[in-house]
Amino acid sequence: MANGQWFPQDWPERIRALADGTLTPVVPKRAATVMLLKDTTAGPVVHMLRRRASMAFAGGAYAYPGGGVDPRDDDHQIRWAGPTRAWWAERLGVDEAEAQAIVCAAVRETYEEAGVLLAGPAPDSVVGDTTGEDWEADREALVARDVSFAEFLERRGLVLRSDLLGAWTRWITPEFESRRYDTWFFVAALPEGQRTRNASTEADRTVWIGPAEAAASYDKGELLMMPPTIATLRQLTPYDTAGEALEAAPARDLTPVLARARLDGDEIVLSWPGHDEFTKHIPTGGAPA
């Protein structure tokens, strides 16, 4: 039975164009996504959303809250708790301004798409319920990019809790894709007192699901996912609590994963270094196998 690996129909043509030099790779945009975890009696579960089938990119696929970095968050100094910007810059492999913007993107997207805010009025606190009308107005303004996340935090008098995040992995969209992202994946635990909701206009369903259960459903072809999503789910399965996953994050390798495509006789071989399960053999005139 086929698994649930998402595969765009135009990839073979674009891969061939890249190989013969007629396709110029798009510069990837910086992005962040968050694997939000909570503990249950059966072990940790992760919050996932299903992208609407009408979405041009990965429609129908399950993913985590995430999105692009707002350049306005690069140099606007905000109240900050946890590891310093210099620590994050070294961890993420960028400069301090970029590190702030990437962490801001992770926290902002979790708020925009799941209604969960990793920030509080003090360095050791988080906000409570964020479902009120005033909070919703602010969330919608963020979604519309009417305000930057840094401006939102400043206006609310909030401290960003970078200590509640762990950098997990980094994936870069293949060079032959028309939409490309350089994405840092983070792990976080659901703060006490907050709850998730489907706040995203891009999703038609949200679930809390155990990583092993989600991976098994992918293997059966029941859940559609992109390679980074299923790869990170498999990486989460050894941990018995959300706290254990967070503790493991600082030691994880953040070397970017970038798909490679090569011509081998009458087929294209598509592979992701370190992730053999995603290898595709594409006949030059046919569908992937």
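Residues numbered from 1 in each chain as written. Predicted model: local features only at pLDDT ≥ 70, side-chain atom pairs only at ≥ 80, totals over all residues. Heavy atoms only, no water.

Asks: Go over the sheet that holds strand β12 (residues 260–264), please, and point to the residues and values.
Replies: Ordered by their spatial adjacency, three strands build an open sheet running β12-β13-β14, and the pairing between neighbours is antiparallel. Strands at the two margins of the open sheet, each flanked by one partner only, are β12 and β14 (275–283). Taken pair by pair, the neighbouring strands of this sheet meet at an average axis angle of 20°, ignoring direction. Relative to the sheet, helix α1 (residues 11–19) contacts β12, β13 (267–272) and β14, its axis offset from that of β13 by approximately 95°. Packed on one face of the sheet, helix α7 (residues 227–236) meets β13 and β14 and runs near 155° to β14. (Pairing = 2+ DSSP bridges. Helix = DSSP H or I, 4+ residues; strand = E, 2+ residues; numbered from the N terminus. Axes fitted to C-alpha atoms, helices over the stretch in contact; angles between N-to-C directions. Contact = heavy atoms within 4.5 Å.)

Asks: Summarise the sheet that holds strand β6 (residues 119–120); cite the residues concerned and give the values.
Replies: The strand order β5-β7-β6 describes an open sheet built from three strands, whose pairing is mixed. Of all strands in the sheet, those with a lone pairing partner are β5 (80–81) and β6, marking the two edges. Taken together, the two bridges between β6 and strand β7 (residues 159–161) define a ladder with antiparallel strand orientation. Considered in β7, the bridge of G120 is made with V159.

Asks: Which residues make up the nonpolar core, and what values go with them?
Replies: Grouped together as the largest cluster of nonpolar side chains are 40 residues, with contacts concentrated most on L92, L117, L165 and F186. In terms of residue count, helix α3 (residues 96–114) provides more of this core than any other element does, nine residues in total. Beyond its immediate stretch of four places on either side in the chain, L165 contacts V34, W88, V103, A106, V107, L118, F186, V187, A188 and L246. (Core = buried A, V, L, I, M, F, W, Y, C linked by side-chain atoms within 4.5 Å. Buried < 20%, exposed > 50% of the residue type's maximum accessible area, 1.4 Å probe, protein only.)

Asks: I'd like a rundown of α7, residues and numbers included.
Replies: Given 3.6 residues to a turn, an α-helix orients residues that are three or four positions apart in the same direction. Across the ten residues that make up α7, a large majority, nine, are buried. All of the buried residues in α7 are P227, P228, T229, I230, A231, T232, L233, Q235 and L236.

Asks: Tell me about the pairing of strand β2 (residues 45–51), residues and numbers included.
Replies: Along β2, six of the seven residues are buried, which leaves the element largely enclosed by surrounding structure. The loop that links strand β1 (residues 29–38) with its antiparallel partner β2 comprises six residues; one of these, G43, has a positive phi angle of about 115°. Note that β2 and strand β10 (residues 203–209) share six bridges and pair antiparallel. What sits directly across from L49, in β10, is T206.

Asks: Quick one: what's the story with the environment of R156, residue by residue and with numbers?
Replies: Mapped onto the fold, R156 is located in helix α5 (residues 149–156). Distance in space between the C-alpha atoms of R156 and E192 is 20 Å, their sequence separation being 36 residues. If we skip the residues at most four places from it in the chain, R156 touches D134, W135 and D138.

Don't take any of this as a statement about function, it's just geometry.
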